[in-house]
Amino acid sequence: MGTKGFTGNASYAYPNGNNYDGDFMNDLPNGKGVMRFPNHDKYEGDWVDGEMTGKGEYLFYDKNRDKLIWKYEGWFENSRFHGLGKMTYPDRTVYFGEWAEGKRNGYGQQMYASGDILSGVWEKDTVIYGTYLFADGSKYIGHFQNFRYSGFGTFCSKDGTILQGDWKNCRLVNGAEYKPNGEICKIEDNQKVIYDY
């Protein structure tokens, strides 16, 4: 790439070990292209002024398995995941939703290999409010902190028992337990204190 301002289609090996095949404009990747990185990661998609911007697919290399094992498919901006995208992780967990500056941010749904589904509002790679639906039909609806029930929320078990109130670290600390037989157990400071029938 010795010609200043090269525009066209070409292959180029960068001094940092990156290898690019695709469209150039003014010596920079612009248009469609594939970049292979020294760590064996690979990006294929749109480029704007040398940055991954637009729609594309980024594949991550796992050195322990010696292959490309997980990937992101979706939109990029300034070489970060940004916009709508789908991430498939090595453990078969799949996130589909909104991203901002490389992190899950906005509305999204995360599906686990177990069959559990977490959907809701994400902020800086963690869910803050949403629904966790278990494969057995139980579910939690409410606030989260560090992926644990925290704040006001409602848990509905598969047997019909409902726990509602304020949660901390996945424990109901203030609220009530409603049982299918009509029994109500009030909970204060993480203790069951009053039974009503």
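As a starting point, this report considers the structure included with it. Quick caveat, the model's predicted, so the values are computed rather than measured.

Conventions adopted
- Residues numbered from 1 in each chain as written.
- Predicted model: local features only at pLDDT ≥ 70, side-chain atom pairs only at ≥ 80, totals over all residues.
- Heavy atoms only, no water.
- Helix = DSSP H or I, 4+ residues; strand = E, 2+ residues; numbered from the N terminus.
- Rg over C-alpha atoms; globule rule 2.2 N^0.38 Å.
- Buried < 20%, exposed > 50% of the residue type's maximum accessible area, 1.4 Å probe, protein only.
- Lys, Arg positive; Asp, Glu negative; His and termini not counted.
- Charge placed at Lys NZ, Arg CZ, Asp CG, Glu CD.
- Salt bridge = Lys/Arg side-chain N within 4 Å of Asp/Glu carboxyl O.
- Core = buried A, V, L, I, M, F, W, Y, C linked by side-chain atoms within 4.5 Å.
- Pairing = 2+ DSSP bridges.
- Polar contact = N/O pair within 3.5 Å; in protein donor to acceptor, adjacent residues only side chain to side chain.
- Contact = heavy atoms within 4.5 Å.

**Topic: the overall build of the protein chain**
Then, number 1: Looking only at helices and strands, the protein chain has zero helices and 17 strands in total.
Then, number 2: On C-alpha atoms alone, the protein chain measures out to a radius of gyration of 24 Å, which is more than a quarter above the 16 Å that the 2.2 N^0.38 rule sets for 197 residues.
Then, number 3: C-alpha atoms of the protein chain, sized along the principal axes, occupy 85 × 30 × 20 Å.
Then, number 4: Going through the 197 residues of the protein chain one by one, you find that 34% of them count as buried.
Then, number 5: Between the mean site of the 23 positive side-chain charges and the mean site of the 27 negative ones, the protein chain shows a separation of 4 Å.

**Description of unusual backbone geometry**
Then, number 1: Positive phi, normally seen in glycine, also occurs at Asn26, with a value near 55°.
Then, number 2: Counting through the fold element by element, Asn26 comes out in the loop between strand E2 (19-25) and strand E3 (28-36).
Then, number 3: For Asn26, a relative accessible area of 51% translates into the label exposed.
Then, number 4: Positive phi, close to 80°, is recorded for Asp125, a residue that is not glycine.
Then, number 5: Tracing the backbone shows Asp125 in the loop between strand E10 (117-123) and strand E11 (126-133).

**Overview of the pattern of salt bridges**
Then, number 1: Enumeration according to the criterion identifies seven salt bridges in this entry.
Then, number 2: With a closest N to O distance of 3.4 Å, Asp21 and Arg36 form a salt bridge. With Asp21 in strand E2 and Arg36 in strand E3, this pair connects stretches of sequence that are 15 residues apart.
Then, number 3: A relative accessible area of 32% means that Asp21 is categorised as partly exposed.
Then, number 4: Residue Arg36 is classed as partly exposed on the basis of its relative accessible area of 39%.
Then, number 5: Notably, a salt bridge pairs Asp62 with Arg65, separated by 3.9 Å at the nearest N-O pair.
Then, number 6: The buried category is assigned to Asp62, whose relative accessible area is 16%.
Then, number 7: Residue class for Arg65 comes out partly exposed when judged on its relative accessible area of 47%.
Then, number 8: Within this structure, Glu57, Lys71 and Glu73 form a network of salt bridges that share partners.

**Some points on the nonpolar core**
Then, number 1: Core analysis: the biggest nonpolar cluster contains 28 residues, and Tyr58 and Phe81 have the highest contact counts within it.
Then, number 2: Per-element accounting of this core gives the leading share, three residues, to strand E5 (residues 51-62).

**A word on the pairing of strand E14 (residues 162-168)**
Consecutive side chains of a regular strand alternate in pointing toward one face of the sheet and then the other.
Then, number 1: Sheet topology note: the strand E13 (residues 148-156)/E14 ladder contains six bridges and is antiparallel. When the sheet's bridge partners are listed, Gly151 is paired in E14 with Trp167.
Then, number 2: The loop that links E13 with its antiparallel partner E14 comprises five residues; one of these, Gly160, has a positive phi angle of about 100°.
Then, number 3: Relative to strand E15 (residues 171-178), E14 is paired through seven bridges, and the arrangement is antiparallel. Its bridge partner being in E15, Lys168 is matched across the sheet by Arg171.
Then, number 4: Connecting E14 to the antiparallel partner E15 that follows it, the hairpin turn spans two residues, and Asn169 within it adopts a positive phi of roughly 55°.

**Considering the side chain of Ser138**
Then, number 1: Here Ser138 shows up in the loop between E11 and strand E12 (139-145).
Then, number 2: Residue classification places Ser138 among the buried residues on the basis of a relative accessible area of 6%.
Then, number 3: Within the structure, the side chain of Ser138 is placed 3.0 Å from the backbone nitrogen of Lys158, a separation counted as a polar contact.
Then, number 4: Once you skip the residues sitting within four places of it in the chain, Ser138 turns out to touch Tyr132, Leu133, Phe155, Cys156, Ser157 and Lys158.

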